[in-house]
Amino acid sequence: MADDALWYEAALLVGVTNALNVVADSPLAALEPASPSAEAQAVFAEIRAFYDRADVPVAFRRVAADPGYLADLWGAARRVFADNQLTRRHKEALAFAVSVTTRSAFGTAFHLGEMRRLGVGERGVMEVLGVTQMFSSYTKIADTLQLEPDMDGIAVVDPSPAPGGAAPGPTPRPPEAP
Amino acid sequence: MPTVRLRDASEYPAPIQKLFEVAKAWFNYDFAQPPAMSRVMAWDPEFGAFHGRAMKRAMTPGEWSRAEKEMVAAVVSGVNACAY
């Protein structure tokens, strides 16, 4: 897990997971269009295929009144949840942990279901839940005592450039005294 | 700044100092002092022993690798806005 790319990917996933959860868990059922437009239906078809399910998760139905927004939201969600450098299976575990931590009823149930659909067993689910619970304990103990980070030295620095970019040049020397 | 004075490892009794060595091996890193959280857990061994075992059990490779679990731990810490 030393590559920054993995952590960028995880961070984007956390953001989108939270974005979907806040809409799905809010009392917004009245916003779901009774008859979604053809454009929205086309996006729904992609969502059903991605998740291999007959229905469309509520987080997407609630923004379907604006098909353009729905399409962009789905594009971002599909990108972060698809297999990339992190597997889709691991991403669902991360999303489950985020959802449990943020007390999202929608996200917890949805990502638990996705983990199982992607082959995570009961032991695997318990392992993710155990890590989530233990770090929900550690973080609050640390915050209560205002502990300062002392493990940052463990992490190695990834010197690779941004995707498609050039590696950083040598650090310029400061001017010398005359 | 911490709201308590974190004791140096040398201020803990010998049996606890052995546990600090175990923590060093777990992280595979030579800390100048045991991590602050290790020292907090060691304050009350009757709590820390149970909590530490539960943590180690949760983080031990199983269906998920240790690295995958560390990333789960990191996102939970991030969502909890915990800088530590």
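Quick caveat: nothing in here was measured; it's all calculated off a predicted structure.

A. Examining the overall build of chain A more closely. When helices and strands are tallied, chain A shows seven helices and zero strands. The secondary structure elements of chain A, listed N-terminal to C-terminal, are α-α-α-α-α-α-α. For a compact globule of 178 residues, the expected C-alpha radius of gyration is about 16 Å, and chain A comes in at 20 Å, more than 25% above that figure. In terms of its C-alpha atoms, chain A occupies a principal-axis envelope of roughly 75 × 40 × 30 Å. Taken over 178 residues, chain A has a buried fraction of 38%.

B. Molecular detail of the pattern of salt bridges. Applying the stated criterion across every chain yields a total of 15 salt bridges over all chains. The closest approach of N and O atoms between A:Glu122 and A:Arg116, which form a salt bridge, is 3.0 Å. Look at A:Glu122 and you get partly exposed, because its relative accessible area is 48%. Notably, a salt bridge pairs A:Glu127 with B:Lys69, separated by 3.4 Å at the nearest N-O pair. Note that A:Glu127 is positioned in helix α7 (residues 122-144) and B:Lys69 in helix α4 (residues 66-79), a pairing that runs across two chains.

C. Representation of the packing of helix α1 (residues 4-24) of chain A against α4(B) within the structure. Viewed as axis vectors pointing N to C, α1(A) and α4(B) meet at an angle of 50 degrees, and their least axial separation amounts to 11 Å. Our classification of the angle between α1(A) and α4(B) gives oblique. Pair α1(A) / α4(B) crosses with right-handed handedness. Facing α1(A), whose interface residues are A:Leu6, A:Trp7, A:Ala10 and A:Val14, α4(B) presents B:Glu70, B:Met71, B:Ala74, B:Val75 and B:Val79. Grouping the constituent residues of the contact of α1(A) with α4(B) by class yields eight nonpolar, no polar and one charged.

D. Region of the structure containing the packing of aromatic side chains. One pass over the structure, following the stated rule, counts 10 aromatic pairs over all chains. Seen from their ring centres, A:Phe50 and A:Tyr51 are 5.0 Å apart, and the 90 degrees between their planes marks the pair as edge-to-face. No difference in accessibility class separates A:Phe50 from A:Tyr51, as the two residues are buried. With a centroid separation of 6.0 Å and 55 degrees between ring planes, the pair formed by A:Tyr51 and A:Trp74 is classed as tilted. Taken as a pair, A:Tyr51 in helix α2 (residues 38-51) and A:Trp74 in helix α4 (residues 67-81) lie far apart in primary sequence, 23 residues in all. Given a relative accessible area of 1%, A:Tyr51 falls into the buried group. By relative accessible area, which is 1% here, A:Trp74 ends up buried. Connected via pairs of aromatic rings, a cluster forms that spans A:Phe50, A:Tyr51, A:Phe60, A:Trp74, A:Phe106 and A:Phe110. Here A:Arg88 stacks its cationic end above the ring of A:Phe50, 3.6 Å away from the centre of that ring. Between A:Arg89 and the ring centre of B:Trp64, over which it is positioned, the NZ or CZ distance is 4.3 Å.

E. Main features of the environment of A:Arg61. Of note, A:Arg61 is situated in helix α3 (residues 58-61). Aside from chain neighbours lying at most four places away, what touches A:Arg61 is A:Glu32, A:Pro33, A:Phe44 and A:Val56.

Calculation criteria
- Residues numbered from 1 in each chain as written.
- Chains lettered and ligands numbered in written order.
- Predicted model: local features only at pLDDT ≥ 70, side-chain atom pairs only at ≥ 80, totals over all residues.
- Heavy atoms only, no water.
- Helix = DSSP H or I, 4+ residues; strand = E, 2+ residues; numbered from the N terminus.
- Rg over C-alpha atoms; globule rule 2.2 N^0.38 Å.
- Buried < 20%, exposed > 50% of the residue type's maximum accessible area, 1.4 Å probe, protein only.
- Salt bridge = Lys/Arg side-chain N within 4 Å of Asp/Glu carboxyl O.
- Axes fitted to C-alpha atoms, helices over the stretch in contact; angles between N-to-C directions.
- Parallel < 35°, antiparallel > 145°, perpendicular 65-115°, else oblique.
- Left-handed = near helix turned anticlockwise from the far one by under 90°.
- Contact = heavy atoms within 4.5 Å.
- Nonpolar A, V, L, I, M, F, W, Y, C, P; charged D, E, K, R; others polar.
- Phe/Tyr/Trp six-rings, centres within 6.5 Å; stacked < 30°, edge-to-face > 60°.
- Lys NZ or Arg CZ within 6 Å of the ring centre and 35° of its normal.

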